[in-house]
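What the coordinates show
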Amino acid sequence: MANLRRIDVTIDDSNVEPGMLEVMKIVRPDWKPEDIKFKIFTDGISNKIVGCYLGEDKQTMVLFRVYGKKTELLVDRQKEIETFQTLFKVGCGPELYAAFNNGLAYEYVPGVILSTTSVKDEKVYKLITREMARLHAVKPEDGKIPEASVFRTIKKWLDTLPTQFEDAAKQEKYSKQVATHEKLRSEAAMLERELSKLDSPVVFCHNDILLANVIYDESKSKVCFIDYEYASYNYQAFDIGNHFDEMAGLDVVDYNLYPDKAFQLKWLREYLIGWHEVTNNKEPVTDKEVEILYAKANKFALAGHFFWGVWGLIQAHISLIDFDYLEYAIIRLNEYFNKKDEFLAIPLPQ
């Protein structure tokens, strides 16, 4: 990996500007501090994301991600840096300029984030499928594909998860609306048993392709994925199924927006065309291939709900960000239980 500039500055997340200006003296030494403007982005739910720019020129903006408190319990920060550098090298991500004590400074990607409507627009979703296929083709430098991360991560998080909230109201809601630790562990074991035998390829996955992590630049007919905190080698069908989950939105989650089979089949065919291209598979995509991936993606969509449900429970304990993580966890886990029997019963074409 290329050497990364590391800056000994800790940014106060309640007053970010002084610390950011210190970092900018090194990252953009030719910018006058008094001319720098700040833009706060509010879509990060585990970090604070702020941009620095000059005048009206947001194209050269430097983005800062200030880590949320105790998020190192959930995210391997050194691995995140290595992922940033790898993906920039292969043209799949923005440039990383520097790391400071509690965050990163990196390249701004111009464009707009997606909505629950635009994510299903044909010209947009076709770009997403091709970009995802390109990402999934990224190989480790040593050529050795590691084991898929999802179930290992869920187990680690369940081991980390406290059994009690200090806040009495949170504890009451938790005890009434969330399954017990024993039940969650049992479900995790069942999911691993059922899904690991589906033989989904292990590929490099983003693992968090929610609407706010896809930047669409209409002028260039291009999408770019951002925020690779949770990226890892994982099951191909997890990345796809989780993206389908995220089509329901974040601020207002509506699972009536989960894509129907007709849409999924069109989406999956486009993905497989791109996957064949990046893997040098000259064979045409068959209907059976699409149907197999449909079955796998929906089964792994369950793992997506479970993964982010457990994540939300941990965030509800540790995060100081103004977001109702406990409610989010309950929504994701409820949808997991709502869809479990239906999705596990989807037949895999033989």
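Refer to the structure presented above.
All values derive from a computational prediction rather than experimental measurement.

Calculation criteria
- Within any chain, residue numbers begin from 1 and follow the written order of that chain's sequence.
- Local features are withheld for residues below a pLDDT of 70 in this predicted model, meaning they are given only at 70 or higher, and side-chain atom pairs are given and counted only at 80 or more; totals for whole chains, interfaces and linings count all residues.
- Note that the side-chain values use all heavy atoms of the structure and ignore hydrogens as well as water.
- Numbered from the N terminus, helices here are DSSP runs of H or I no shorter than four residues, and strands are runs of E no shorter than two.
- Our radius of gyration is a C-alpha quantity, and the globule rule it is checked against amounts to 2.2 Å times the number of residues to the power 0.38.
- Relative accessibility under 20% of the residue-type maximum defines a buried residue, over 50% an exposed one, and the middle range a partly exposed one, all with a 1.4 Å probe and only protein chains included.
- The contact rule is simple, with two residues in contact once any of their heavy atoms fall within 4.5 Å.
- To estimate how far a helix should reach, multiply one less than its number of residues by 1.5 Å.
- Any N or O atom pair separated by 3.5 Å or less is treated as a polar contact, with the protein-specific requirement of one donor-capable and one acceptor-capable atom, and with residues adjacent in sequence counted only for side-chain atom pairs.
- DSSP-based pairing: two strands are paired if at least 2 bridges between them are found.
- Only the contacting stretch of a helix is used when fitting its axis, a line to C-alpha atoms as for every element, and angles between N-to-C directions run 0 to 180 degrees.
- In these notes the angle categories are as follows: under 35 degrees is roughly parallel, over 145 is roughly antiparallel, 65 to 115 is roughly perpendicular, and the rest is oblique.
- Note on residue categories: nonpolar means Ala, Val, Leu, Ile, Met, Phe, Trp, Tyr, Cys or Pro, charged means Asp, Glu, Lys or Arg, and polar means any other residue, Gly included.
- For Phe, Tyr and Trp, where Trp contributes only its six-membered ring, two rings pair if their centres lie within 6.5 Å, and the inter-plane angle classes them as stacked under 30 degrees, edge-to-face over 60, or tilted in between.
- Counted as over-ring charges are cases with an Arg CZ or a Lys NZ within 6 Å of the ring centre that also lie within 35 degrees of the ring normal.
- Any carboxyl oxygen of Asp or Glu that lies within 4 Å of a side-chain nitrogen of Lys or Arg is treated as forming a salt bridge with it.
- Fitting axes to the seven residues that end at a residue and to the seven that start at it, the angle between those axes gives the bend at that residue.

Considerations on the overall build of the protein
For the protein, the helix and strand inventory stands at ten helices and eleven strands. Computed over the C-alpha atoms, the radius of gyration of the protein is 20 Å, within 12% of the 20 Å expected from 2.2 N^0.38 for a compact globule of 350 residues. Along the first, second and third principal axes, the C-alpha set of the protein runs to 65 × 55 × 40 Å. When the 350 residues of the protein are sorted by exposure, 53% land in the buried category. Intrachain contacts of the protein at a sequence separation of at least 6 include 71% that bridge at least 24 residues.

Section: helix α2 (residues 77-89)
Between its terminal C-alpha atoms α2 stretches 19 Å, which fits the 18 Å expected from 13 residues at 1.5 Å a residue. Residues of α2 that are buried: R77, E80, I81, T83, F84, Q85, T86 and L87. Between a side-chain oxygen at the N-terminus of α2 and the backbone nitrogen of Q78 the separation is 3.2 Å; the capping residue is D76. Backbone geometry just after α2 places G91 at a positive phi near 80°.

Focus: the environment of P146
Locating P146 in the fold gives a position in the loop between α3 (122-136) and α4 (150-160). By relative accessible area, P146 is classed as partly exposed at 39%. Considering only alpha carbons, one finds P146 and V202, 56 residues apart in sequence, at a separation of 8.0 Å. What P146 contacts, discounting residues up to four positions off in sequence, is V202 and Y233.

Looking at the sheet that holds strand β10 (residues 222-225)
What the three strands build is an open sheet, ordered β7-β9-β10; its pairing is antiparallel. Edge positions in the sheet fall to β7 (112-113) and β10, since each of these pairs with one other strand and no more. Running over the sheet, α3 touches β9 (214-217) and β10 and is turned about 50° from β10.

Considering the sheet that holds strand β3 (residues 47-54)
Judged by pairing direction, the sheet is mixed, and its six strands sit side by side in the order β1-β5-β6-β4-β3-β2 without closing on themselves. The open sheet terminates on both sides in strands that have one partner only, identified here as β1 (6-7) and β2 (36-41). One ladder, built from six bridges, connects β2 with β3; its direction is antiparallel. Among the inter-strand pairings, K39 is bridged to a residue of β3, identified as G51. Set on the sheet, α2 makes contact with β1, β3, β4 (57-67), β5 (96-100) and β6 (103-107); between it and β6 the angle comes to about 10°.

Section: the packing of helix α5 (residues 168-177) against helix α10 (residues 325-344)
Remark: α5 packs on α10, axes separated minimally by 11 Å, with the N-to-C direction vectors making an angle of 5°. Judged on the interaxial angle alone, α10 and α5 are roughly parallel. Along its contact with α5, which presents K170, K173, Y174 and Q177, the element α10 presents L326, E327, I330 and N334. Looking at the contact of α5 with α10 residue by residue, the class counts come to three nonpolar, two polar and three charged.

Section: the packing of aromatic side chains
Inspection of every chain in the model, using the stated rule, returns 24 aromatic pairs. An angle of 70° between the planes, with centres 5.0 Å apart, marks the rings of Y125 and F263 as edge-to-face. With a gap of 138 residues between them, Y125 in helix α3 and F263 in helix α8 (residues 261-278) connect regions that are remote in the sequence. For the pair Y125 and F263, one class covers both residues: buried. R28 extends its terminal NZ or CZ atom over the ring of Y97, reaching a point 4.5 Å from the ring centre.

Some points on the pattern of salt bridges
According to the stated counting rule, one finds 27 salt bridges in the structure shown. Measuring nitrogen to oxygen at the nearest pair gives 3.1 Å for the salt bridge that ties K126 to E122. Linking K126 with E122, this pair stays in helix α3, spanning four residues, or about one helical turn. One salt bridge connects E192 with K155, and the closest N-O pair in it is separated by 3.1 Å. With E192 in helix α6 (residues 181-196) and K155 in helix α4, the pair connects residues that are 37 residues apart, well separated along the chain. One network of salt bridges, with partners in common, ties together R65, R77, E80, D227 and E229.

What about α10?
Between its first and last C-alpha atoms α10 spans 27 Å; for 20 residues at 1.5 Å apiece the expected length is 28 Å, and the two agree. Where α10 bends most, the angle comes to about 40°, and this point is N338. Of the positions making up α10, those classed as buried are Y325, L326, Y328, A329, I330, R332, L333, E335, Y336, K340 and F343. Against α5, α6, α7 (236-246) and α9 (287-318) lie the buried residues of α10.

Notes on the environment of V253
Within the fold, V253 resides in the loop between α7 and α8. Overall, V253 belongs to the partly exposed group, its relative accessible area being 24%. Along the sequence, V253 and E122 sit 131 residues apart, while their C-alpha atoms lie 22 Å from each other. Aside from chain neighbours lying at most four places away, what touches V253 is A248 and I331.

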